[in-house]
Amino acid sequence: MYLSRLELTDFRSYRRAALELDPGVNVFVGSNGQGKTNLVEAVCYLALLRSHRTATDAPLVRQGSERAVLHGEVLTSGRRIDLDVEIVPGRANRLRVNGHATRRARDLVGILRVVIFAPEDLALVKGDPAARRDYLDDVLVELRPRLFAVRAEYEKALRQRNAFLRAVAQDGQQVDRNSLDVWNLHFARAAAALLDARRRLVHELAPFVEKAYAAISGGSGAVRLEYRSTVPEEVLQDADEETRIAGILAALRKVQDAELARGLTLVGPHRDDLNLELDSRPARGYASHGESWSYALALRLGAYELLRSDGETPVMILDDVYAELDQQRRRRLTGCVSGAEQLLITSAVDEPDLPVGRRYVVHESQVHVAD
Ligand SMILES: Nc1ncnc2c1ncn2[C@@H]1O[C@H](COP(=O)(O)OP(=O)(O)OP(=O)(O)O)[C@@H](O)[C@H]1O
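Looking at UniProt, one finds the protein chain named DNA replication and repair protein RecF, with Acidothermus cellulolyticus as its source organism. The record in UniProt for the protein chain states the following under Subcellular location: "Cytoplasm". What UniProt records for the protein chain under Sequence similarities is the sentence "Belongs to the RecF family."

Below is the structure:
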């Protein structure tokens, strides 16, 4: 698959931009702050309906405008699919697929598959669990779009349950046991579905990440991925969903007093982590700077290969990363992505070891094909 056309209106620093893209390599060159990352962020938004660098939509809309509009044309298996997204902060996105309006995000997400590797990805290895959870959830949604709804359902259940717990902890509201039971069941059902999906994903993803790490590191160092949950492992291993839900409810009961005192949910996928080991030690804390870069890259390349093995090759985006890598890793990275159906690269300078392909100049939020 590849993105053949992209149009932005009032997105980030862009008033209006329209560009045709090639299959193969597309390199966007421009100095700092000219709008390169904003462009690839728009591509990611069309794929996942969320930005890889902000949790809320407000920063995506050009200052002084009310809405941002994105249009993308995807060529996949010989047919063209048009995607349209209108982003109005504080409101649900307006979505269209081939001109037909839809309220369901899952009708749009996953049509365009992307994997982006960016400097912020060092946080996947060195940072807090939240970055690793987002990483897993983004791959999940691209692989199985129906999980967009599963994740949204979980987030809603968590918000509602936390609001209930906060009302008890902070406002001294009496605990209404019947309401708590209802919130617990709603939460446990959503948690069971998301946990099951994440654990299956880690199982599928791990061999691809291991292979990618070997390719990037030149064979030195063994990586291991493990999903570490706040819900006991024996609960999650049970094949029966109702038993897993009962196990999550039991785990909630155990921490209930602490939750009511603190006003927040202490057990569930929002508190879990993806443990990353390098040579049997936690990568966070032990891996060197270079090894951490290789690991972060391997996580992205592993996701790319998993999606590819699933039948639809994602668009690979390398946002300003060549400058961060040493020459050997650059060469190996180029080797790993050379078969990509479409590669979008941003860089401040057109460095000699960037792959051959179409060049664009990005200047003051205008994009031109280079002469
Ligand atoms: N909502 C917005 N409205 C207007 N301008 C914005 C908005 N959000 C970001 N910008 C501006 O967009 C500009 C370009 O950002 P972008 O991250 O795309 O730069 P870049 O070319 O990737 O630079 P670098 O090489 O430094 O990463 C920044 O100057 C930023 O202030």
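Now that the structure has been shown, we can carry on.
A. Broad picture of the sheet that holds strand E5 (residues 79-87). Spatially, six strands are ordered E2-E1-E4-E5-E6-E7 in an open sheet, and the strand pairing comes out antiparallel. Each of the sheet's edge strands pairs with one partner strand only, and the pair in question is strand E2 (14-20) and strand E7 (100-102). Across the sheet, the mean angle separating the axes of adjacent strands is 15° when strand polarity is ignored. Contacting strand E1 (2-11), E2, strand E4 (68-76) and E5, helix H1 (residues 36-48) runs over the sheet at an angle of about 110° to E1.

B. Spotlight on the packing of helix H5 (residues 177-217) against helix H7 (residues 241-254). At a minimum axis separation of 9 Å, H5 and H7 run at an interaxial angle of 120°. Classified by the angle between their axes, H5 and H7 sit oblique to one another. The handedness of the crossing between H5 and H7 comes out as right-handed. Of the residues in H7, those in contact with Asn 184, Leu 185, Phe 187, Ala 188, Arg 189, Ala 191, Ala 192, Leu 195 and Asp 196 of H5 are Glu 242, Arg 244, Ile 245, Ile 248, Leu 249 and Leu 252.

C. Spatial organisation of the packing of aromatic side chains. In the structure shown here, the tally under the stated rule is four aromatic pairs. Measuring from centroid to centroid gives 4.6 Å for Phe 28 and Tyr 360, while their planes differ by 15°, and the two rings are stacked. Taken together, the positions of Phe 28 in strand E3 (residues 24-29) and Tyr 360 in strand E14 (residues 358-363) put the pair 332 residues apart, joining distant regions of the chain. Both residues of the pair, Phe 28 and Tyr 360, belong to the buried class.

D. Representation of the nonpolar core in the model. By size, the foremost hydrophobic cluster in this structure holds 73 residues, and its most contacted members are Tyr 135, Leu 225, Tyr 295, Met 316, Leu 318 and Leu 333. Considering each element in turn, this core owes the most residues, 16 residues, to H5. Counting contributing residues per domain, this core is built from domain 1 (1-113 + 313-370) and domain 2 (116-312), each supplying no fewer than three. In this view, Leu 225 contacts Val 202, Ala 206, Val 209, Leu 274, Asn 275, Leu 276, Tyr 295 and Leu 299; residues no more than four positions away in its chain are not counted.

E. View of the site of the ligand. In the vicinity of the ligand lie 16 residues, with Gly 33, Thr 37, Asn 38, Pro 59 and Val 61 positioned nearest. In the model, a nitrogen atom of the ligand is placed 2.9 Å from a nitrogen or oxygen of the Val 61 main chain. Here a nitrogen atom of the ligand sits 3.0 Å away from a polar atom, N or O, in the main chain of Gln 63. Protein chains bury 68% of the 660 Å² of accessible surface belonging to the ligand in isolation.

Analysis parameters
- Within each chain, residues carry numbers counting from 1 in the order of the written sequence.
- Totals for whole chains, interfaces and linings use every residue, but because this is a predicted model, local features are given only for residues with pLDDT of at least 70 and side-chain atom pairs only at 80 or more, for both listing and counting.
- With hydrogens and water stripped out, all remaining heavy atoms of the structure feed into the side-chain values.
- UniProt positions are given in the numbering used here, feature names are shortened, and annotations may be inferred rather than shown by experiment.
- Strands were regarded as paired on the criterion that DSSP finds at least two bridges between them.
- A run of H or I in DSSP counts as a helix once it spans at least four residues, and a run of E counts as a strand once it spans at least two, with each numbered from the N terminus.
- An axis is simply a line fitted to the C-alpha atoms; with a helix, the fit covers only the stretch in contact. Between two such axes, the angle follows the N-to-C directions and lies from 0 to 180 degrees.
- Contacts are assigned to residue pairs that have any heavy atoms within 4.5 Å of one another.
- Geometric relationships in this document are graded by angle, where less than 35 degrees denotes roughly parallel, more than 145 denotes roughly antiparallel, 65 to 115 denotes roughly perpendicular, and other angles denote oblique.
- Take the far helix as the reference: if the near one is turned anticlockwise from it by less than a right angle, the crossing is left-handed, and if turned clockwise, right-handed.
- For Phe, Tyr and Trp, rings pair up if their centres lie within 6.5 Å, where Trp contributes its six-membered ring, and each pair is then called stacked (planes under 30 degrees apart), edge-to-face (over 60) or tilted (otherwise).
- Under the scheme applied here, a residue whose accessible area is under 20% of the maximum for its type counts as buried, over 50% as exposed, and between as partly exposed, the area being computed with a 1.4 Å probe on protein chains only.
- Definition of nonpolar core: a set of buried residues of the types Ala, Val, Leu, Ile, Met, Phe, Trp, Tyr and Cys, connected through side-chain atoms within 4.5 Å.
- Domain start and end points were adopted from an automatic or database domain assignment.
- Proximity is defined per residue: if any heavy atom of the residue lies within 4 Å of a molecule or strand, that residue is considered near it.
- N or O atoms closer than or at 3.5 Å make up a polar contact, with two conditions inside protein: a donor-capable atom paired with an acceptor-capable one, and, for residues adjacent in sequence, both atoms drawn from side chains.
- Accessible surface is estimated by sampling points in the Shrake-Rupley manner with a 1.4 Å probe; for residues, cover comes only from the protein chains shown.

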